[in-house]
Amino acid sequence: MAAGITLLGPPAVRGAGDAPGVGGAPGPRGTKAWLLLAYLVLAERPVPRARLARLLVDDADDPGAALRWNLSQLRRTLAGVADVGGDPVALDLRPGAVVDVRVLAHGPVERALALPGFGGALLEGVVPRGSAALELWLAGERERVAGLTAGVLHEAAHARLARGDAAGAVALAARLVEAEPLAERGHELWVRALLAAGDRAGAERRAARSAELLRRELGVEPSPGLTAALGPAPAPAPSPAAVDAAVEGGDGAATAGAYERAIELLRAALAGARALDDPARVARASGALGRVLVHGVRGSDEEAVAVLHGALLAARRADDPRVAARAALELGHVELLRGRYPRAASWFDRALRLDGADPRLRAWVGVFAGMALSDRAEYPAAATTLGAAVDDARAARAPRAEAYALTALGRGHVLLDERDEARRRLDEACEVAQEAGATSFLPFPRALRAEVLLRDGDLDGAGAGLEGAYALACQVGDPCWEAYALRGRGLLAAARGDGATALALLAEAPAACRRQRDAHDWVQAHALDALCGYAVPHGVPGAPGWVDELEAFAARRGMTELVARAALHRAALGQAGAAEHAAALVAGVANPWLARTAAGVVARAAARG
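So, how was this worked out
Residues numbered from 1 in each chain as written. Predicted model: local features only at pLDDT ≥ 70, side-chain atom pairs only at ≥ 80, totals over all residues. Heavy atoms only, no water. Salt bridge = Lys/Arg side-chain N within 4 Å of Asp/Glu carboxyl O. Helix = DSSP H or I, 4+ residues; strand = E, 2+ residues; numbered from the N terminus. Core = buried A, V, L, I, M, F, W, Y, C linked by side-chain atoms within 4.5 Å. Buried < 20%, exposed > 50% of the residue type's maximum accessible area, 1.4 Å probe, protein only. Contact = heavy atoms within 4.5 Å. Pairing = 2+ DSSP bridges. Phe/Tyr/Trp six-rings, centres within 6.5 Å; stacked < 30°, edge-to-face > 60°. Lys NZ or Arg CZ within 6 Å of the ring centre and 35° of its normal. Polar contact = N/O pair within 3.5 Å; in protein donor to acceptor, adjacent residues only side chain to side chain.

Visitor: Explain the pattern of salt bridges here, please?
Guide: When charged atoms on two side chains of opposite charge get close, those side chains can pair. Scanning the model with the defined rule gives 47 salt bridges in all. Measuring nitrogen to oxygen at the nearest pair gives 3.3 Å for the salt bridge that ties Arg423 to Asp420. Of this pair, Arg423 and Asp420 both sit in helix H20 (residues 419-436), three residues apart, roughly one helical turn. Where salt bridges share partners, they join Asp417, Arg419, Asp420, Arg423, Glu451, Arg455, Asp456 and Arg487 into one cluster.

Visitor: Would you take a moment to explain the nonpolar core for this structure?
Guide: In summary, soluble globular proteins display a tendency toward joint burial of nonpolar side chains. One finds Leu329, Phe368 and Val523 to be the most contacted residues of the largest nonpolar core, which totals 126 residues. With sequence-adjacent residues up to four places away left out, Phe368 is seen in contact with His295, Leu329, His333, Leu336 and Phe348. Counting 76 residues, the second largest nonpolar core, distinct from the first, contains Ala33, Leu42, Ala53 and Ala66.

Visitor: I tried to follow the sheet that holds strand E2 (residues 12-14) on my own but got confused; where do I start?
Guide: Through backbone hydrogen bonds, the strands of a sheet pair up, either in parallel or in antiparallel fashion. The mixed open sheet is built from three strands, whose spatial order is E2-E1-E5. Each edge of the open sheet is held by one strand with a lone partner, namely E2 and strand E5 (98-99). Judged from the three bridges that link them, strand E1 (residues 4-6) and E2 form a sheet pairing that is antiparallel. What sits directly across from Gly4, in E2, is Arg14.

Visitor: Explanation requested: the pairing of strand E3 (residues 82-85) in the structure shown.
Guide: Look at any regular strand and the pattern is simple: side chains alternate between the two faces of the sheet. In the sheet, E3 pairs with strand E4 (residues 90-93) via four bridges, with the strands oriented antiparallel. Looking across to E4, one finds that Gly85 is bridged to Ala90. Hairpin connection between E3 and E4: a loop of four residues separates the two successive antiparallel strands, and Gly86 in this loop has a positive phi of roughly 90°.

Visitor: For this particular structure, what's the right way to read the packing of aromatic side chains?
Guide: Within the structure shown, the criterion is met by nine aromatic pairs. Seen in terms of ring centroids, Phe441 and Trp481 are 6.0 Å apart; in terms of plane orientation they differ by 80°. Their pairing is edge-to-face. One end of the pair, Phe441, is in the loop between H20 and helix H21 (443-455); the other, Trp481, is in helix H23 (residues 479-495), and 40 residues separate them in sequence. A residue is classified by how much of its surface remains accessible, and Phe441, at 4% relative accessible area, is buried. A connected cluster of aromatic rings, assembled from ring pairs, spans Phe348, Trp364, Phe368, Tyr404, Phe441, Phe444, Trp481, Tyr484 and Trp522. Directly above the aromatic system of Trp522 lies the positively charged group of Arg411, at a separation of 4.1 Å from the ring centroid. Directly above the ring of Tyr470 sits Arg489, whose terminal nitrogen or CZ lies 4.6 Å from the centroid.

Visitor: What is the right way to look at the side chain of Ser286 in this model?
Guide: With respect to the secondary-structure elements, Ser286 resides in helix H13 (residues 279-295). Exposure remark for Ser286: the relative accessible area of 0% places this residue in the buried category. Excluding anything up to four places from it in sequence, Ser286 contacts Leu270, Val307, Leu308, Gly310 and Ala311.

Visitor: Please explain the environment of Asp478 as it appears in this structure.
Guide: For Asp478, the location among the structural elements is in the loop between helix H22 (459-476) and H23. For Asp478, a relative accessible area of 14% corresponds to the buried category. When the C-alpha atoms of Asp478 and Ala512 are compared, they prove to be 9.5 Å apart, with 34 residues separating the residues in sequence. For Asp478, the side chain forms a polar contact with the main-chain nitrogen of Cys480, separated by 2.9 Å. A polar atom in the side chain of Asp478 sits 3.3 Å from the side chain of Trp481.

See below:
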């Protein structure tokens, strides 16, 4: 058994050759050393001693001495497994040492499933004492680990379903629903797995129970995907020529924006290709259907994931790396939308390994990978990745990818409050998108550009831009861009002093995102943040509940900056430990504008305390 660190379930350090759960050395005394170890592991980079002391041992008479004592405890426990020390404090693993939470985040799903503590809570049984900030940090990290666990269960269930292990898929889907009982995608996956296992009655019961649960707990009707999972398969196309024609027709309909017709044609093509037992045609039809389901506003990403996993297997049988690469790209895109960034990164890496010589594929990988980095507030890496995506898109003459990359670059500049550069990139994005006929995408760069005008104090210009973006989003039926435009209109109403309208619009924005089960989670998180940013200082009664929602939502997905913003909202509400927690989080985000904003909040909290 390899040496390693176990943080899932009861924590332990294991020496080489020890049985699972048996440490090679006694554990450190007290809980702070375990919390220190978890902090260093989860940070995945060296951490300044001052930050560790503030968060972990600020209640000690001599925080520096207390931190040194806990580090000495860790060195004793980690002997032969890892070295720890320096300033900033670095955790250096010995060759071959395994850390379970890193496998969970970045490793293959089957390896993650085999971890002894898989499914367990982070630092189970460890209770931080004497530090409210530490309690807030641990709660957020436990939420993030729970999200990683759900992502592994989801991907592994689909992989088993695709390779014909329906019973295994049923078992994993059931565990996924247990982990995320109010996430509809798990219920839909469970229904699909039961059908694949030949248990139609069980699938119908599961669909009915799931629908009742969503109505009771969330007050919403299930999306069409849940009931569509039970529907009959489309009639297969009758010949190879008919399959090819249906794929071509489906691609053409999707390019024209007729997604419903495209999905109908491609489902029939896939059924026909399967009936012919033709791996090459199954791969092409699956890949095309998966892309349309992901990009079509009214498509089902859960059906798309199932189809794309099938495309991967069929492409392998047909020895078609190009189709496999595009399936991996779209699977990564779905994980990006859902905020499962480590799993998205693994799919993007796989796509590049399969067909990285294609500049069009590289462009789209760069777009989505760059957006994921920006979602996690890794702004320098995001700018580099997106800049390369712009170059690849231009080389490949792929204007839609170029428009996406330019918009994502502009979004990063907006988040950093770099207004001139944001305006330049977003103007480029709008021009490229218009020339490419990417009308359905235009609301997003237009809403972002209007936000820049709003920050500049041009309320009339911002109002015109936001109204146009909102109207176009409604016309194309995209609740994601609709929500972001609503957020902007709410911020504009607040700037104009119209509190009632501001609160109504800001509350409507995250609700608009939730109408579409497959919306970009980053948009919903920023809509929630804007709502909290208005409700907290204005003393709106629902503010604490919205802050709780934002923190849990962002923490589960590893949206670092938004977790920090939630902590700042808590500090503004006067919650104990929130200011210290926020300061530690903000210090880890390379965003000067956030740091300036946080300084004022933390100072006011300190004055009150």
